[in-house]
Amino acid sequence: METLELTQEEQFQARIDADVRIEPKDWMPDAYRKTLIRQISQHAHSELVGMLPEGNWITRAPSLKRKSILLAKVQDEAGHGLYLYSAAETLGASRDQMLADLHSGKAKYSSIFNYPTLSWADMGCVGWLVDGAAILNQVPLCRTSYGPYARAMVRVCKEESFHQRQGFEIMQTLCEGSPEQKAMAQEGLNRWWWPTLMMFGPKDSESPNTEQSMKWRIKRFTNDELRQKFVDMMVPQAEFLGLTVPDPNLKWNEAKQGYDFGDVDWEEFWNVVKGNGMCNQERLQARVQAHEEGAWVREAALAHAEKRKQREAALVAA
Amino acid sequence: MTDSPMPTQATPAPTPETQANLFAFVLQLADTSLILAHRLSEWCGHGPILEQDLAMANIALDLLGEARSYYQYAAELEGKGRTEDDLAYLRSAVEYRNPLLVEQPNGDFAGTIVRQFIYDCFHYHLLLQLQSGPDAQLAAIAEKSVKEAAYHIKWSAEWVIRLGDGTEESRRRVEKAIENLWRYSGELTTPSATEKALQAAGFVPDYAAIQQQIDAHVTRVFEEATLPVPQGVFMQKGGKDGRHSEHLGYLLAELQYLQRTYPGLQW
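Residues numbered from 1 in each chain as written. Chains lettered and ligands numbered in written order. Predicted model: local features only at pLDDT ≥ 70, side-chain atom pairs only at ≥ 80, totals over all residues. Heavy atoms only, no water.

Once that is clear, we can look at the overall build of chain B. Assigned secondary structure in chain B consists of 11 helices and 0 strands. In chain B, the succession of α and β elements from N to C terminus is α-α-α-α-α-α-α-α-α-α-α. The C-alpha radius of gyration computed for chain B amounts to 18 Å, which stays within 12% of the reference 18 Å derived for 267 residues, consistent with globular compactness. Principal-axis analysis of the C-alpha atoms places the extent of chain B at approximately 55 × 50 × 30 Å. In chain B, buried positions account for 57% of the 267 residues. Of the contacts made within chain B by residues no fewer than 6 positions apart, 81% connect residues no fewer than 24 positions apart. When the accessible surface of chain B is totalled, it reaches about 11000 Å², and 52% of it is carbon and sulfur. (Helix = DSSP H or I, 4+ residues; strand = E, 2+ residues; numbered from the N terminus. Rg over C-alpha atoms; globule rule 2.2 N^0.38 Å. Buried < 20%, exposed > 50% of the residue type's maximum accessible area, 1.4 Å probe, protein only. Contact = heavy atoms within 4.5 Å. Areas by Shrake-Rupley, 256 points an atom, 1.4 Å probe, with all protein chains shown as cover.)

A word on the environment of Val49(A). Structurally, Val49(A) can be placed in helix α2 (residues 30–58). Ignoring sequence-local partners within four residues, the contact set of Val49(A) consists of Leu102(A), Tyr109(A), Phe113(A), Arg283(A) and Arg287(A).

Right, let's talk about the domain arrangement of chain A for a bit. Residues and elements named next belong to chain A. Each assigned domain of chain A is listed with its residue range as follows: domain 1 (8–277) and domain 2 (278–317). On the side of domain 2, 9 residues touch domain 1, which itself brings 18 residues to the contact. Buried area between domain 1 and domain 2, summed over both chains or domains, comes out near 1200 Å², and the portion from carbon and sulfur atoms is 62%. Taken together, the connections running from domain 1 to domain 2 amount to 0 salt bridges. Mapped onto the side of domain 1 that touches domain 2, the elements with two or more residues apiece are α2 and α4 (95–104). (Domains from an automatic or database assignment. Buried area = accessible area lost by both parts, 1.4 Å probe. Salt bridge = Lys/Arg side-chain N within 4 Å of Asp/Glu carboxyl O.)

Another point: the nonpolar core. Tyr32(A), Trp120(A), Trp128(A), Trp193(A), Tyr71(B) and Phe109(B) are the most contacted members of the largest nonpolar core, which totals 177 residues. It is helix α2 (residues 50–78) of chain B that contributes the most residues to this core, 17 residues altogether. Split by domain, the residues of this core number at least three in each of domain 1 (8–277) and domain 2 (278–317) of chain A. (Core = buried A, V, L, I, M, F, W, Y, C linked by side-chain atoms within 4.5 Å.)

Now for unusual backbone geometry. All names here are of chain A. Within the chain, Asp-19 stands out as a residue other than glycine whose phi angle is a positive 60°. With respect to the helices and strands, Asp-19 occurs in the loop between α1 (8–17) and α2. Phi is positive for Gln-257, close to 50°, though the residue is something other than glycine. The partly exposed category is assigned to Gln-257, whose relative accessible area is 48%.

Quick look at the side chain of His45(A) now. Residue and element names in this part refer to chain A. Note on placement: His-45 falls in helix α2. Here His-45 falls in the buried class, since its relative accessible area comes to 1%. There is a polar contact of 2.7 Å between the side chain of His-45 and the side chain of Tyr-85. If we skip the residues at most four places from it in the chain, His-45 touches Gly-50, Tyr-85, Met-98, Leu-99, Leu-102, Ala-107, Lys-108 and Tyr-109. (Polar contact = N/O pair within 3.5 Å; in protein donor to acceptor, adjacent residues only side chain to side chain.)

Two aromatic rings are characterised by how far apart their centres lie and by the angle between their planes. Residues and elements named next belong to chain A. Taken as a whole, this structure holds 21 aromatic pairs over all chains when the rule is applied. Between the aromatic rings of Tyr-32 and Trp-216, the centroid separation amounts to 5.5 Å while the plane-to-plane angle is 90°, which identifies the pairing as edge-to-face. Highlighted residues: Tyr-32 in helix α2 and Trp-216 in the loop between α8 (210–215) and α9 (223–241), separated in sequence by 184 residues. Judged by its relative accessible area of 5%, Trp-216 falls in the buried class. (Phe/Tyr/Trp six-rings, centres within 6.5 Å; stacked < 30°, edge-to-face > 60°.)

A word on the side chain of Asn21(B). All names here are of chain B. Note on placement: Asn-21 falls in helix α1 (residues 16–41). Classification of Asn-21 by relative accessible area gives buried; the value is 15%. Other than its neighbours up to four places away in sequence, Asn-21 contacts Thr-194, Ala-197 and Leu-198.

Before going further, it helps to spend a moment on the pattern of salt bridges. All names here are of chain A. Across all of its chains, the model carries 33 salt bridges over all chains by this definition. In this structure, Glu-169 engages Arg-66 in a salt bridge whose closest nitrogen and oxygen atoms are separated by 3.5 Å. One end of the pair, Glu-169, is in helix α6 (residues 147–175); the other, Arg-66, is in helix α3 (residues 64–89), with 103 residues separating them in the sequence. Glu-169 sits in the partly exposed class, given a relative accessible area of 31%.

This part is about the confidence of the model for chain B. As a general rule, the predicted coordinates of low-pLDDT regions are not to be interpreted in detail. Predicted confidence across chain B gives a mean pLDDT of 95, with 96% of residues reaching 70 or more. As scored by the predictor, the complex reaches a pTM of 0.94 and an ipTM of 0.94. (pLDDT = per-residue confidence, 0-100.)

So this is what it looks like as C-alpha cells:
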C-alpha cells in the first residue's frame with residue numbers, strides 16, 4: 001500500500017470534507033481559529049446588544065402575558081450570549097478580551113440592532129422578521145464544522161424558533177385587531193423589511209470571506225442564497241397577515257420558483273456597518289455604561305471570593 | 001409544619017366582609033409582585049455582568065408569574081368580570097396597594113440588592129405561612145411561589161454578603177443603600193386595616209411572628225456581611241393604603257401606556 005504523506009492542513013481539510021467535527025483540542029489552522037473567534041464572538045455580541053432594542057419595550061408591554069413572554073425572550077438572548085462566549089472561549093479567546101473588543105468598536109455585532117424599536121409592532125417585527133432571518137442564518141450553523149459552536153447553535157435555534165412564532169403571533173393579533181393596530185403592524189413591516197434583508201450580509205460578489213468559510217464548512221450557504229430563501233418564506237406569511245411588503249419590484253418568478261425582488265439600499269447597509277445607523281452610538285454606549293458601572297460589583301465579588309478563600313485556608317492550616 | 005400559627009382546621013365560608021378583604025389583600029400581593037418585577041425588568045440588558053442580568057430577569061419572571069396568579073384569583077374573588085390585565089393596567093396609583101419599598105427606583109446594583117433582600121425576607125417568611133393557610137387558592141399560589149422565593153432570598157443574601165464584605169467601595173454603596181431603603185422595611189409587617197381584619201379571621205398570619213423570623217434572618221446575613229443592623233429608623237408607610245411615593249406614577253405611566261392609549265383592544 002502506498003502511504004500518503006498529508007500535511008496537517010490537508011488532514012484537517014480531509015476531516016472537514018468528511019464532515020467530521022473539529023473539537024477544541026484538535027489541530028486547526030490559525031486562520032480557521034481566528035475566523036471562528038471573530039464569527040462566534042460577533043454572534044455573542046449580537047445576542048448581548050440584541051437585548052437592548054427589545055428591552056426597550058419590556059416595561060411598556062401591553063399585557064402581563066406579553067410582558068412575561070418578552071422578558072423571557074430577552075433573557076433567552078442573554079443565555080445565548082453565554083453559550084456563545086463559552087464556545088469562543090474553547091478557542092482560547094477570553095470573555096474580557098472579547099468584551100473589550102466590543103466596547104472599543106473593534107468587534108462588530110449584527111447591524112440590525114442599530115435600528116430603533118418605535119412601536120409595539122416592532123416587537124412583532126423583530127420576532128417574526130429578524131429572528132426569522134437569524135434562524136435561516138443559524139440553522140446551517142448547527143452543522144458547522146466546529147463542534148462547540150455547532151452544539152451551542154442547536155440550543156440557540158430551538159429557542160429562536162419559539163421567538164419567531166411569538167413574533168408572528170404579535171403581528172397576527174395586531175392584524176386582526178383595530179385599524180390602528182393594523183396600521184401599526186404595517187408601519188413596522190415598512191421599517192423592518194429592508195434592514196432584515198440586509199442581515200444576510202453583502203452580495204456574494206462583495207463578500208470576501210464567503211469562499212474560505214464555505215470551504216471550511218463554517219458557512220454552508222451564500223448570503224444571496226439565504227436572502228432569496230428568506231424572501232420566498234416571508235412573502236406568503238405577509239400575505240397571510242394581510243400586510244404589504246414594501247417592495248414595488250417584488251414579483252413571483254415562475255421559472256425560478258421564487259420571488260424576484262428589488263435591490264437592497266447598499267449605501268444604507270454600509271453606513272450602518274460603519275457606525276452611522278440611528279442607534280449605533282446609543283447601543284454601544286449602553287453596553288459600555290453597563291460594563292463600567294458594573295466594574296465595582298465584579299471587583300467586590302472577586303474580593304469577597306478571595307477573602308473567603310483565605311479564611312478557609314487559615315481554617316485548614318489551624 | 002408544626003410551627004404554623006395559622007389555623008389549619010376547616011374554616012366556615014368567609015363572610016362578605018372577609019371576602020372583600022381577601023380581594024383587597026390578594027390584590028395587594030399582586031401589585032407588590034408586579035411592581036417589583038417591573039423594577040427588576042428595567043435592569044434587563046444593563047446588568048453588571050451577564051450572569052446577573054440573567055438572575056435578575058429570572059427573579060422578575062418569577063414575580064411576574066406570581067403577580068398573574070394573584071391578579072387572576074383577585075378577579076375571580078371580585079366576580080365582576082375584570083381580568084388580570086384590567087386590574088394591572090387600568091387602576092391608578094392611588095388604587096395600587098403595594099408597599100412603598102418595591103416602587104423605589106433601582107438606584108445602583110447595591111440599591112437593587114438591598115431592596116430585594118428586604119423584600120425577600122418578608123416575602124419568603126410570609127409565603128411559608130400562607131401555604132398552610134385556610135384559603136386553598138392562596139395556599140396553592142404560596143406553595144408554588146415559596147420555592148422561587150427561597151432562591152430569591154439566597155441570591156440577594158449572597159450579594160448583601162459579597163457587597164458588605166467585598167471592597168471599600170461596595171461596602172460604602174451597600175451602606176448607603178441600607179440608609180436609603182431601611183425606612184421602607186417596617187411597612188411590610190405593619191398590618192393595614194385589611195390585613196388586621198384578615199388576621200382576626202385567620203387568613204393572614206401574625207406579622208409580629210414573621211418580624212421575628214425576618215430579624216433573625218437579617219441578623220445572620222448582616223453579620224456575615226460585616227454590616228451593622230440599622231436601629232431606631234423612622235419607618236415610612238402608606239403604600240398599602242394607596243398613599244405612594246412620587247415614583248409610582250411614572251412607573252404606571254410606562255407600564256400602562258398602551259392599554260391607556262388604545263382602550264379596550266386585544267394585544
